[in-house]
Amino acid sequence: MKSTTVLFTDVSSQTWIEETLLNAETHSDFSRDPGWFIQKQQLHGGTSEGVDLITVNNGALSLSIVPTRGMGVWKGDFQGTPLGWESPVKSPVNPAYVNLSERGGLGWLSGFNELICRCGLISNGPPGRDPSGNPLESDLTLHGRIANTPAHFVSVTLDPEDGGWIRITGRVGEGMLFGSQLLLESTLETQLGSNKFRIRDRVTNPGADNVESELLYHINVGAPFLEEGAQFSLPFAEMAPRDPRAAEGIKEFKTYLGPTSGYAEQAYYFEPVADENGFSPALLTNRRGGMGFLVDFKKSTLPCFTLWKNTQPEASGYVTGLEPGINFPNFRADERERGRVKNLDPGDSYETEFEVSILNNSNSVDAVRQKITKLTEQAPAVIHSAPHSRFS
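Residues numbered from 1 in each chain as written. Predicted model: local features only at pLDDT ≥ 70, side-chain atom pairs only at ≥ 80, totals over all residues. Heavy atoms only, no water.

You'll find the chain entered in an unreviewed UniProt entry as DUF4432 domain-containing protein, with Gimesia maris given as the organism.

And the structure:
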């Protein structure tokens, strides 16, 4: 059987579908299983006015994709277990209501509530003035613009092969006259009935000049995976705290507090170790180890990993970030100095890939833990007790 592609958005041809529902009734040739569906809708009211939302349900796993916000994933659900976190920002925010330059360049936080959002494409990390590069792009804001840029092309492909695959593809352009030109082409795919989904991205320079690029995936997890006594695991060769604040908790970096008043965020930088297939597993498990949130990322394309701990009170946003990237979220000038900023000549591109799995029993959690232990035993891990010049 052949695959079927449905075009939702294409600015170049002025194609636009505001609301639609794909399911076993409309596409029985893909799958007669009544459990799956894809729904596209547009949100209205408040700062969500005009936001496109695509809900993908594979029969077990549901994901809410936001093309209006750079093809981010707002939240999800796996067999009744919520995926994501409770941000003070409650609903998807239309980028028209986000001023990235406000509050000293921290305006990005006004729209931050996703399970997965991208940080880039010309920069990520803290705001500030970077004197190198294009002078029109020297004033950097927190984590860049891509998460607040709407997709200009969105399509859905229903592929019946191997039991059925759903693929959502989007294209997001980031650029300006006299400035950098970058194109993100993203595909999220999931198999019917699966507990996992995969994201593959390609970033291309379609312009006529060399451009710089950074990219980090802010994968944000809250309850029920995150709780007092939750555990983080990752095979790594070397790690260091980002700053003196993170160094305060270096001995406890693997474990989490419950919601804590007055908590100040901590971040840790890792050089991950990959398995025989080239993937590094980052695992968050609840206290009892009965459920886990697993991110398998391709190390050759995402060589840097950041653990973000933000166990402040629930009303303030109780969350942790599992963040693979092509760079660490330091200021761009510092990352350039350390050789972690991509330089793309006209027509050049780079690709990234990672997979998220939801583990809902202790056997599956233990299997991943054992794998991480074996990878860790390949070589002693170096843990720096203070910030290290190699990382930050």
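Draft legend 1. View of the nonpolar core. Ile38, Phe232, Phe270, Phe293 and Phe354 are the most contacted members of the largest nonpolar core, which totals 71 residues. When neighbours within four sequence positions are excluded, Phe293 is seen to be in contact with Leu115, Ile219, Val221, Phe225, Ala282, Leu283, Leu284, Leu322, Val356, Ser357 and Ile358. The next biggest cluster of nonpolar side chains, apart from the first, holds 14 residues, and it includes Trp85, Leu100, Cys117 and Val319. (Core = buried A, V, L, I, M, F, W, Y, C linked by side-chain atoms within 4.5 Å. Buried < 20%, exposed > 50% of the residue type's maximum accessible area, 1.4 Å probe, protein only. Contact = heavy atoms within 4.5 Å.)

Draft legend 2. Examining the side chain of Asn205 more closely. The topology assignment puts Asn205 in the loop between strand E15 (196–204) and strand E16 (211–221). Asn205 has contacts with Gln181, Leu182, Asn210, Val211, Leu344, Asp345, Pro346, Gly347 and Asp348, leaving out every residue within four places of it along the chain. (Helix = DSSP H or I, 4+ residues; strand = E, 2+ residues; numbered from the N terminus.)

Draft legend 3. How the structure looks around the pairing of strand E12 (residues 153–159). Burial runs high along E12: seven of the seven residues are buried. What you see with E12 is no split at all: Phe153, Ser155, Thr157 and Asp159 on one side and Val154, Val156 and Leu158 on the other are buried throughout. Bridging between strand E1 (residues 4–10) and E12 involves six bridges; their strand directions are antiparallel. Residue pairing in the sheet places Thr5 in a bridge with Thr157 of E12. Relative to strand E13 (residues 165–175), E12 is paired through seven bridges, and the arrangement is antiparallel. (Pairing = 2+ DSSP bridges.)

Draft legend 4. Quick look at the packing of aromatic side chains. Within this structure, the stated rule accounts for 16 aromatic pairs. With centroids separated by 5.2 Å and ring planes inclined at 75°, the aromatic side chains of Phe236 and Phe270 adopt a geometry described as edge-to-face. In this pair, Phe236 is assigned in strand E18 (residues 236–241) and Phe270 in strand E19 (residues 266–272), connecting sequence segments 34 residues apart. Residue classification places Phe236 among the buried residues on the basis of a relative accessible area of 7%. Judged by its relative accessible area of 0%, Phe270 falls in the buried class. Feature note: the residues Phe232, Phe236, Phe253, Tyr268, Phe270, Phe297 and Phe305 constitute an aromatic cluster, connected by ring pairs. Taking the ring centre of Trp74 as reference, the NZ or CZ of Lys75 above it sits at 4.2 Å. (Phe/Tyr/Trp six-rings, centres within 6.5 Å; stacked < 30°, edge-to-face > 60°. Lys NZ or Arg CZ within 6 Å of the ring centre and 35° of its normal.)

Draft legend 5. Molecular detail of a nonpolar patch on the surface. A surface patch of nonpolar side chains, amounting to about 460 Å² of accessible area, comprises Leu136, Met176, Leu177 and Phe178. Checked against the element boundaries, Phe178 lands in the loop between E13 and strand E14 (181–191). For Phe178, a relative accessible area of 65% corresponds to the exposed category. (Patch = residues over 30% accessible without salt bridge, like charges linked within 9 Å, V, L, I, M, F, W, Y side chains within 5 Å. Areas by Shrake-Rupley, 256 points an atom, 1.4 Å probe, with all protein chains shown as cover. Salt bridge = Lys/Arg side-chain N within 4 Å of Asp/Glu carboxyl O.)

Draft legend 6. View of the sheet that holds E1. The ten strands lie next to each other as E2-E1-E12-E13-E14-E15-E25-E21-E20-E17, forming an open sheet whose pairing is antiparallel. Every interior strand has two partners, whereas the edge strands, strand E2 (15–16) and strand E17 (231–233), have only one. Against the sheet, helix H5 (residues 362–376) makes contact with E17, strand E20 (279–285), strand E21 (292–298) and strand E25 (349–359), and its axis sits at roughly 130° relative to E20, the strand it touches most. (Axes fitted to C-alpha atoms, helices over the stretch in contact; angles between N-to-C directions.)

Draft legend 7. Representation of the pairing of E21 in the model. By the criterion of burial, E21 is predominantly enclosed, with six of the seven residues buried. Pairing of E20 with E21, which is carried by seven bridges, proceeds in the antiparallel orientation. Considered in E21, the bridge of Thr285 is made with Gly292.

Draft legend 8. Local environment of the environment of Ser91. Along the chain, the position of Ser91 falls in the loop between strand E8 (81–83) and helix H1 (102–105). When its relative accessible area of 33% is taken as the criterion, Ser91 is described as partly exposed. Between the alpha carbons of Ser91 and Pro34 there is a distance of 28 Å; along the sequence they are 57 residues apart. Once you skip the residues sitting within four places of it in the chain, Ser91 turns out to touch Ser48, Trp74 and Asn113.

Draft legend 9. Seen up close, unusual backbone geometry. The residue after Gly120, namely Leu121, is reached through a cis peptide bond having omega 5°. Relative to the helices and strands, Leu121 resides in strand E9 (residues 116–121). Residue Pro224 is bonded to the preceding Ala223 through a cis peptide linkage, with omega at 5°. In this structure, His143 is a non-glycine residue whose phi angle is positive, near 60°. Topologically, His143 is positioned in the loop between strand E11 (139–140) and E12. Relative accessible area serves as the criterion here: at 9%, His143 is assigned to the buried category. At Asp162, a position not held by glycine, the phi torsion is positive, near 55°.

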